[in-house]
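# An overview of the molecular structure
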Amino acid sequence: MMNQDPSPTAPFARRVRSFVRRAGRLTPAQARALEILGPGRLVPGIGERLALDAVFGRVAPRVLEIGFGDGEALVAMARRLPDVDFLGLEVHEPGVGHLLLRLEAEGLTNVRLICHDAAEVIERRLPLGAFAAINIFFPDPWPKKRHHKRRLVQPPLIDTLARLHCTGGLLHLATDWVPYAEHMVEVLATSPDYRVLAPGEAAAEPLAWRPETKFERRGLKLGHEVRDLFYRKIQGPT
Ligand SMILES: C[S@@+](CC[C@H](N)C(=O)[O-])C[C@H]1O[C@@H](n2cnc3c(N)ncnc32)[C@H](O)[C@@H]1O
């Protein structure tokens with residue numbers, strides 16, 4: 001049921017949700033993956049702030065992806081950058097099961113997943129200053145005006161992400177919905193923690209690469225224009 005507290009001063013975790021539980025049941029293989037492969041790669045969404053060196057079993061640069069869907073981007077990026085650790089947040093269980101199967105099939109050991117509302121996880125569970133890059137690829141656009149408050153990218157979320165980023169960290173947003181891209185630009189323009197990257201600057205960043213995603217392909221088929229936005233974290237953890 002819809003949370004009725006849209007107050008702009010409410011902490012992000014208590015504001016309206018950015019998702020509705022999508023229809024789509026777990027396949028038997030996905031259910032088995034959650035049960036058998038989950039213990040090595042799934043991290044509970046609730047608890048103390050995580051010690052990521054212990055979660056990944058090593059010290060490495062870390063990338064956070066919020067709303068990974070079926071995890072296509074995570075698999076491709078983790079394969080391309082084996083010396084980087086990737087943490088993915090997603091609420092849709094079939095997507096999590098699907099990704100666990102892919103990670104196992106490809107033998108990728110540098111990915112961990114949390115199946116929980118990202119708004120809560122980023123506020124309470126993730127360590128400050130921990131991420132070299134944070135990615136949000138094709139978040140639900142919520143095109144109707146009365147649903148704009150459900151959009152993931154809002155000032156309170158950006159304030160929280162700024163605390164998780166290390167200084168100089170990269171924030172990469174992508175959308176196929178131009179009005180949402182414009183909204184993102186407006187939100188980031190009010191943030192004291194980020195500066196926009198010029199396209200050439202972003203191209204030189206190994207962590208700025210991403211593959212085409214499932215939702216992107218859907219948008220492109222519909223004739224949508226895709227926009228990628230890059231920002232640099234300019235202050236230390238606050
Ligand atoms: C439009 S899909 C895009 C999926 C993927 N990034 C892609 O490009 O194919 C947005 C995803 O974000 C997830 N999502 C939305 N709000 C979320 C939240 N608060 N916490 C975790 N996942 C969320 C949805 O479940 C959905 O899978």
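These figures come from a predicted structure and were not determined experimentally.

### Considerations on the nonpolar core
Leu74, Phe131, Leu161 and Leu164 are the most contacted members of the largest nonpolar core, which has 53 residues in total. If one sorts the elements of this core by residue count, strand 4 (residues 131–137) sits on top with six residues. Apart from the residues lying within four places of it in its own chain, the contact partners of Leu161 are Ile122, Ile134 and Leu171.

### Description of the packing of helix 4 (residues 72–80) against helix 5 (residues 93–106)
In contact at an axis separation of 10 Å, helix 4 and helix 5 are set at 25° when each is read in the N-to-C sense. The orientation of helix 4 relative to helix 5 falls into the category roughly parallel. Helix 5 is crossed by helix 4, and the crossing has right-handed handedness. Contacts between helix 4 and helix 5 involve Leu74, Val75 and Arg79 from the former and Leu99, Arg102, Leu103 and Glu106 from the latter. Taken together, the residues of the contact of helix 4 with helix 5 break down into four nonpolar, no polar and three charged.

### So, the pairing of strand 1 (residues 62–66)
Across the five residues of strand 1, five count as buried, placing the element largely inside the fold. Burial of strand 1 is two-sided: the residues Arg62, Leu64 and Ile66 facing one way and the residues Val63 and Glu65 facing the other way are all buried. Bridging between strand 1 and strand 2 (residues 85–89) involves five bridges; their strand directions are parallel. Among the inter-strand pairings, Arg62 is bridged to a residue of strand 2, identified as Asp85. With helix 4 bridging strand 1 and the parallel strand 2, this β-α-β connection has right-handed handedness. Alignment of strand 1 against strand 4, held across three bridges, turns out to be parallel. By the bridge assignment, Glu65 is partnered in strand 4 with Asn135.

Cut-offs applied
- Residues numbered from 1 in each chain as written.
- Predicted model: local features only at pLDDT ≥ 70, side-chain atom pairs only at ≥ 80, totals over all residues.
- Core = buried A, V, L, I, M, F, W, Y, C linked by C-beta atoms within 7 Å.
- Buried ≥ 20, exposed ≤ 12 C-beta atoms within 10 Å, placed from the backbone.
- Helix = DSSP H or I, 4+ residues; strand = E, 2+ residues; numbered from the N terminus.
- Contact = placed C-beta atoms within 7 Å.
- Axes fitted to C-alpha atoms, helices over the stretch in contact; angles between N-to-C directions.
- Parallel < 35°, antiparallel > 145°, perpendicular 65-115°, else oblique.
- Left-handed = near helix turned anticlockwise from the far one by under 90°.
- Nonpolar A, V, L, I, M, F, W, Y, C, P; charged D, E, K, R; others polar.
- Pairing = 2+ DSSP bridges.
- Right-handed = clockwise from strand over helix to strand, strands pointing away.

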